[in-house]
Amino acid sequence: MLLSATGLAQQITVKEYVTNELLPGVVISTPDGTITTTTNVVGQAEVSAFKSAALISLNLVGFETITLSYTELEAMNGIVYLHESNFYLNEAVVSASKFEEKSKDVAQQVQVIDQRDIKFISPQNSADLLQQSGSVLVQKSQQGGGSPVMRGFEANKVLLVVDGVRMNNAIYRGGHLQNVLTLDNTILDKVELVMGPGSVVYGSDALGGVMHFYTKNPELGLGEKMLVKGNAFVRSATSNQEFSGHLDFNLGGKSFASLTSFTYSNFNDLRTGDLRSSSLDAFGRRSWYVERINGSDSVITNKDPNLQIGSGYKQFDVLQKFLFKQSDKVQHILNIQYSNTGDIPRYDRLTDGSASAPGRATWYYGPQTRTMFSYNLNLKNANKLYDNARIVLAAQDIDESRHTRRFNNANLNHNIENVKVYSFNADFQKQMGENELRYGAEAVYNNVKSSAYVENIVTGAESFLNARYPDGGSTMTNLALYATDTWEINEHLVLNAGLRLSYVSLEANIDSTNISRQAIIGSDTTNFFFLNNTTIEQSNSAITGNLGLIYMPGHDWRFSALVSTGFRAPNVDDVGKLFEAVPNNASFLLPNADLKPEYATNFDFSIDKMINKKVNIRATGFYTMLKNAITSESATFTANIPDFQEVLGSEARINVNKDEAYIYGVSSQFSAAVNSNFDISSSINYTYGRIKGDSVDTPLDHIPPVFGKTSFNLKLNKFRAEFWVMYNGWKKIKDYRLDTEDNEDYATADGMPAWYTLNIRGQYQITDKFQVQASLDNILNMHYRVFASGISAPGRNLMVTLRARF
C-alpha cells in the first residue's frame, strides 16, 4: 500500500481548467532547466525527479504558466489544472513561414483560432467560423455559401490553404466563392489568418492574405499500449432547423496511428430576423417563390415572409489520416479528405424579378465536391542543408456545376466544371547562428474541363449550350522558388526578409470542331470568344519580396514595420469566362486574353502595448497600392455573330486592368484580463479602397464597411460563457462599385444598412466525458444583411450541442 501511494504521488495528470481536457505536451521544469519532462498523450508525467527542487514550473503555449513547490504539487492529489492565457506572445505560428516560430518574431499581422475556441464557437460551417473571428467579413449569396474578405480583397485575391496544400485553383473567380465550405471545421486543429500579401511564401493569389486551415493529426500510443480516443457531437438550431452529427476516432500504436472523421449536416430554409426599421419594412422579406405544379411554373405567396424559402441544403465530410513514425527523424502522413455539399440553391438569383414577373424558376449549384489526397514527409535531421524539412505531394479533384432555368421556360441550362490540381512543395528550415533560414520550391498544375448543355424538362431533348470556360480544355502551371530569413539581431530587434521568384503559364483552347456550335454560328469559329484565334496563351513571371523590422524596447512595447509585395497572375476564370454578369439585364461578361497580372505593394505598421500583464492593445495600419487591378467595366459588343447578339444583346462587360488602385485601413484589437476567470476582448476594422482616375477616384469593389466584435468571457471550472456583440457600419451606395460583385441590387436604395447583434453562449462539462453547449444568437431578432450579400442573416437562433469524448 505504501509503495502504491508513493507511486501515485509521483505521477501527475494535467488538465484544462474549463473542460477538464487532458493536456499533452506540457513542459514541466525547474527554473534553471536542469530537470525537465513533458506530459504524454494522455496528459500524464512522472515527477519524482523534482522532489528536491525548490520550485517547479508547468508551461504550455496558450496557457498561463504556473510555478509551485513539490509539496504544493502533492497537495493537488495528482491533478493540476492550467488556465488559458489571454495573451499569446510566444504562441507558435506556422503560416507566416511554413515552420513554427514565435508570433512576436513575425512582422505580419497574424491571428490564430485554436481548437478550443472552434469547439466553443460551434459554427455551422467554416465560413461562420471566419465571421466569428472579428477580423474577416464573410459575404453570402446563399445559405450554403461564404466568401471571406480580408483587407478589401476577396475570392481569388485571398489564398485558402489546407494542411499545406493551396486550395485556390484556375477557376477561382473574382466574385464570390463558397469553396471554404468544403473545409470541415469540426476536425480542425486551428486556423491561422495572415493579413496582407503572402506572395513570398505562397505565391500568386495571396494579395489580401492567407487563411491556413490545419486539420488534426493522428496521435501515437504509449509504448506498446494502443491509444483509443474519439469525439462525437449532435447539434440542433432553430433558425434553419439544423441537424448535424459528427464522429471522429483515433487509433494509435507505437509507430502507426489512424484518425477517421465523419460529419453530416442538414440545413432547412433559413429564417431571418423580424425587427426592422419602419423605412426598411420590406427589405429582405420573401413574399413569393416559384414552384412547379402540374408541369407549369407557379408563383406562390409566402405565408411567412421572414422564411427564406429556397435556401436549405445538405453536406457531408469525410477525413482519413494515417501517420507512420519511421523513426524520431522521419515521419509520414497520408491525408485523404472528401467533401460534398449537395445541391445548393442560389437564393439571391431566385429572388430576382417580382411576383408578377419572376426572373428564375430554378438556380442551384450542383454538388460541390472536393477530393484531396496528400502525402506529407517530415524530416528532422540537423545537417548542412537543413534542420527540418517538409515535402508535400498532393492531388485534388474538384467538381462544381450550375443549373439555371428562367421562369416559364422549359430549357434547363447545365454548366459543369471539373478541375484537377497536382502540387509539389518542398520546404526547408536551417538555424544558422542568430538567423533562421527557410527556403523551398513549389510546382502546381491545373487541368480544367468545362462543358454545358440545355435540357428541355418537358421533352427531355438536349441541345448545345456554350460552356462557361473554353471547352477545348485549359491548363495552368505555377513554378516558384523562395527563401526567407528571420534574424534575431538582439533581444530587442528582429529582422524578417524574404524573396520569391514565380512563373505562371496558362493555355485555354476553344474546340473549333464542336459540331453543335457550328450548327448555330456556322463554320467560322475564329471570333467565337471574341478573340483573333481560338487559343488563349499567357506566361507571366514576377519577383516578390518583403522586409520587416520588429523593435521590442521592453516586455510591454512592441513595434513592427513591414514592406511587402504581392503578385497575382490572371487565371482561366479571368481571361476565358463567358457568363451573365448582371441578371435580367442581358449583360454578359466576355473573355479578355490580354489581361495582365496584378501587383500589390503593401506597407504595414503595428504597435502593441501590454499594461501590467493584464491589458493588451494592438493597432495596425496598412496601405496597399494595387497596379493593374482587375475589375469589370462596360464594353461594346461587336462580334459579327447575329444569333449570339440576339441572346446577349448589345450590352457587354469585360474584365480589364486599371492602372492603379489603392486600399488603406486600420484594425485594432483590445483585450483585458480582469482576473483569471473573466476577460474582455474587442476588435474593429476600417477599410477604404479606390481606383485612381484622371480627375475622380472611383470606388473599388469588395471594400467592406466598418465591422468588428466585442466579447465578455467568463471561465470557471467546468463552465465557460461568452456574451458578445457583432457590428457592421453603413455601406453607402456612393461607396459601391456599381454593376459588380458589390451587388447593389440586393441592398437598399441607400446601400447596406448598419447593424448589430447581441449574442450569448455557454458550455458546461457535465462529466469528463460529456459536455452540453447552448447559444442564443441575435437575441433581439434583428433583420440584417452582411455587405454584398444576397441572403439575409439568421434571426434569433437557439443552438444546442451535446458533445462526448471517449
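Check the entry above for the structure.
Since the structure is predicted, the reported quantities are computational estimates derived from the model, not experimental observations. All chains use their own residue numbering, which begins from 1 and follows the written sequence. Only residues with pLDDT of at least 70 are given local features in this predicted model, and only at 80 or more are side-chain atom pairs given and counted; all residues enter the totals for whole chains, interfaces and linings. Values shown for side chains rest on all heavy atoms present in the structure; no hydrogens or waters enter the calculation.

**Side note on the environment of leucine 578**
Helix and strand assignments come from DSSP, with helices taken as H or I runs of at least 4 residues and strands as E runs of at least 2, each series counted from the N terminus. For leucine 578, the location among the structural elements is in the loop between helix H8 (572-576) and strand E38 (579-582). Exposure categories follow from relative accessible area, calculated using a 1.4 Å probe and restricted to protein chains: below 20% of the type maximum is buried, above 50% is exposed, and the middle band is partly exposed. Residue leucine 578 is classed as buried on the basis of its relative accessible area, which comes to 10%. The spacing of leucine 578 and proline 345 is 233 residues in sequence and 21 Å in space, taken between C-alpha atoms.

**Things to note about the sheet that holds strand E15 (residues 165-166)**
DSSP calls a pair of strands paired once it identifies at least 2 bridges connecting them. The 5 strands are arranged E10-E16-E17-E14-E15 in an open sheet whose pairing can be described as mixed. Among the strands making up the open sheet, the edge pair consists of strand E10 (110-114) and E15. In this sheet, strand E17 (residues 209-215) lies alongside strand E16 (residues 188-195) in antiparallel orientation, the contact comprising 7 bridges. Pairing of methionine 195 across the sheet is with glycine 209, part of E17.

**Quick notes on the side chain of lysine 430**
The residue lysine 430 is located in strand E31 (residues 411-432) in this model. Polar side-chain contacts of lysine 430 include one of 2.4 Å to the backbone oxygen of asparagine 383. The contact definition used throughout considers only heavy atoms, calling two residues in contact when any of these lie within 4.5 Å. Aside from chain neighbours lying at most four places away, what touches lysine 430 is Asn383, Lys384, Leu385, Tyr386, Asp387, Asn435, Glu436 and Leu437. Think of a polar contact as two N or O atoms within 3.5 Å of one another; within protein, one of them needs to be a possible hydrogen donor and the other a possible acceptor, and neighboring residues in sequence only count if both atoms come from side chains.

**Some details on the packing of aromatic side chains**
Each aromatic ring pair is specified by the distance between its two centres and by the angle formed by the two planes. Note on aromatic contacts: the rings of Phe and Tyr and the six-membered ring of Trp form a pair at centre separations within 6.5 Å, being stacked when their planes are under 30 degrees apart, edge-to-face when over 60 apart, and tilted otherwise. For the coordinates displayed, the defined rule picks out 17 aromatic pairs. Pairing phenylalanine 712 with phenylalanine 723 gives two aromatic rings, centres 6.4 Å apart and planes at 35°, and the pair type is tilted. Taken as a pair, phenylalanine 712 in strand E45 (residues 707-716) and phenylalanine 723 in strand E46 (residues 719-728) lie far apart in primary sequence, 11 residues in all. Assessed through its relative accessible area of 30%, phenylalanine 723 is described here as partly exposed.

**Observations regarding the side chain of arginine 737**
Among the structural elements, arginine 737 can be located in the loop between strand E47 (731-732) and strand E48 (751-752). No salt bridge is formed by the buried arginine 737. Its closest oppositely charged neighbour is aspartate 701, at 5.0 Å. Within the structure, the side chain of arginine 737 is placed 3.2 Å from the side chain of threonine 631, a separation counted as a polar contact. In terms of polar contacts, arginine 737 uses its side chain to reach the side chain of threonine 698, at 3.5 Å. In contact with arginine 737, not counting residues within four places along its chain, are Thr631, Ser632, Lys658, Ile691, Thr698, Pro699, Leu700, Asp701, Asp742 and Glu744. A residue counts as positive if it is Lys or Arg and as negative if it is Asp or Glu; His and the chain ends are not included. Only one rule defines a salt bridge in this text: a Lys or Arg side-chain nitrogen within 4 Å of an Asp or Glu carboxyl oxygen.

**So, the pairing of strand E23 (residues 296-301)**
If a strand is regular, its side chains alternate between the two faces of the sheet. Across 6 bridges, the pairing between strand E22 (residues 288-293) and E23 is antiparallel. Residue pairing across strands places glutamate 291 opposite serine 298, the latter belonging to E23. Hairpin connection between E22 and E23: a loop of 2 residues separates the two successive antiparallel strands, and asparagine 294 in this loop has a positive phi of roughly 50°.

**Notes on the sheet that holds strand E3 (residues 36-38)**
To summarise the sheet geometry, strands pair through backbone hydrogen bonds and adopt either a parallel or an antiparallel arrangement. Across the sheet, which stays open at both edges, the 4 strands sit in the order E3-E2-E5-E6 with antiparallel pairing between neighbours. Looking at which strands have only one partner, the edges of the open sheet turn out to be E3 and strand E6 (66-68). Between one strand axis and the next, the sheet turns by 20° as a mean value, whatever way the strands run. Direction of pairing for strand E5 (residues 56-59) relative to E6: antiparallel, over a ladder of 3 bridges. Note on E6: the bridge partner recorded for isoleucine 56 is leucine 68. Here the axes come from fitting lines to C-alpha atoms, over the contacting stretch only for helices, and the angles between their N-to-C directions go from 0 to 180 degrees.

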